[in-house]
Structures are given as structure tokens and as C-alpha cells.
Amino acid sequence: MANRAESEDETEELRSAVLQTATSVLQIRQRADHEIRRANEALEQRTRELAQALVIMRATLESTTDAILVTDEEGKVTDFNDKYLDLWKIPRVVLEAGTTGDVRELASRNFADPQRFLVRIAEIAATAEESFDVLELKDGRIFERYSKVLSVED
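Residues numbered from 1 in each chain as written. Predicted model: local features only at pLDDT ≥ 70, side-chain atom pairs only at ≥ 80, totals over all residues. Heavy atoms only, no water.

## Brief notes about the layout of surface pockets
Consideration 1: For the largest pocket, the calculated volume is near 1600 Å³.
Consideration 2: Going through the elements one at a time, β1 (69-71), α2 (82-88), α4 (100-108), α5 (114-126), β3 (131-136) and β4 (142-147) are the ones with two or more residues in the lining of the largest pocket.
Consideration 3: Here the residues of the lining of the largest pocket sort into 23 nonpolar, 8 polar and 10 charged.
Consideration 4: Space inside the second largest pocket adds up to approximately 270 Å³.
Consideration 5: What lines the second largest pocket is Phe111, Ala112, Asp113, Arg116, Phe117, Arg120, Asp133, Val134, Leu135, Glu136 and Arg145.
Consideration 6: Of all the secondary structure elements, the ones that give two or more residues to the lining of the second largest pocket are α5 and β3.
Consideration 7: Here the lining of the second largest pocket gets 4 residues from one element, more than from any other, and that element is β3.
Consideration 8: Looking at the lining of the second largest pocket residue by residue, the class counts come to 5 nonpolar, no polar and 6 charged. (1 Å grid on protein atoms, 1.4 Å probe; cavity = no way out; pocket = protein on both sides within 12 Å on 5 of 7 lines; lining within 4 Å. Points joined across faces, edges and corners; volume = space filled by probe spheres on them. Helix = DSSP H or I, 4+ residues; strand = E, 2+ residues; numbered from the N terminus. Nonpolar A, V, L, I, M, F, W, Y, C, P; charged D, E, K, R; others polar.)

Following this line, the structure appears as C-alpha cells:
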């Protein structure tokens, strides 16, 4: 009879331990779910803020009278405005493809000396300093070019 009582006590202790473990696991899962919901809400809010910032940046980019081309550290085209398309007569698909080599090649065709234009771009890219140039195109148009390397901190 003692063995049976001990067996029942052990069974009851195991049930109690299992119940405590299950309760702990449930509480941990509830906290994790709560944290995930909070993180998702914060992520959604940040996504909305970034989308709004992008809308403002695009509106600003398009409203300027300057032709703007933005490239990244690897030299890929990351953005441009319609004024840039109009000014350089470069097809949108070329800019959207993001290859600066193609963009430079097409832009260079606007000059009597395309190679000189390409060399100057290489010089600008090789330095982090600001540059200012007056560009005289073979069709008689004259542009001012201002280039500046910006970092994320700028």
C-alpha cells in the first residue's frame, strides 16, 4: 500500500511539475507574442515614416529646376529626376537599368570631345571633393555642373 501511495504522490508531483512548466511556457509565449506585435507595430510605423520621407524626397527632386543624377558608392544609378532625362536626352530605361557606364556613354555623345567628358567624370569620381564645371555641348547648350559626394551622415 505504501508503494501505491508513493506512486500516487510521484504522479501528483509530476502532474504539478508538468502544469507549472506548461504555465511557464504559455506565459513566455504570450510575452513573446506581445513583443512580436510591438516590434511589428514599430516596424509598420517606421515603414510609413520612410514611405512619407520618400514621397517628400521625390517631390523635392522633381520640383527642382536642376537636373539631378544620384549614384551610390559602387557607381550605380540610384535616382534621377525628369529634368535630367530632358537635359541629357537619355532614355529612362537606361537610367532605370542603373548602369552609370551606359549613362556616361550616352551623355558623352553630346560633346564634341566625348573622351574629355568621360575623363573629367573619372576625375570627379576619384575624389571626394566638390567640383564645378561649365559644360559646352556640341548643340550650343551650356550647362553648369556641380558634383558632390555625400555620405549617409550628410
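Once the structure has been displayed, the description carries forward.
## Notes on the pairing of β3
Consideration 1: Across the two faces of β3 the burial differs, with Ser131, Asp133 and Leu135 buried and Phe132, Val134 and Glu136 not buried at all.
Consideration 2: Where β3 and β4 come together, 6 bridges link them in antiparallel fashion. By the bridge assignment, Leu135 is partnered in β4 with Phe143.
Consideration 3: The turn linking β3 back onto β4 is made up of 5 residues, and Gly140 within it adopts a positive phi angle of 95°. (Buried < 20%, exposed > 50% of the residue type's maximum accessible area, 1.4 Å probe, protein only. Pairing = 2+ DSSP bridges.)

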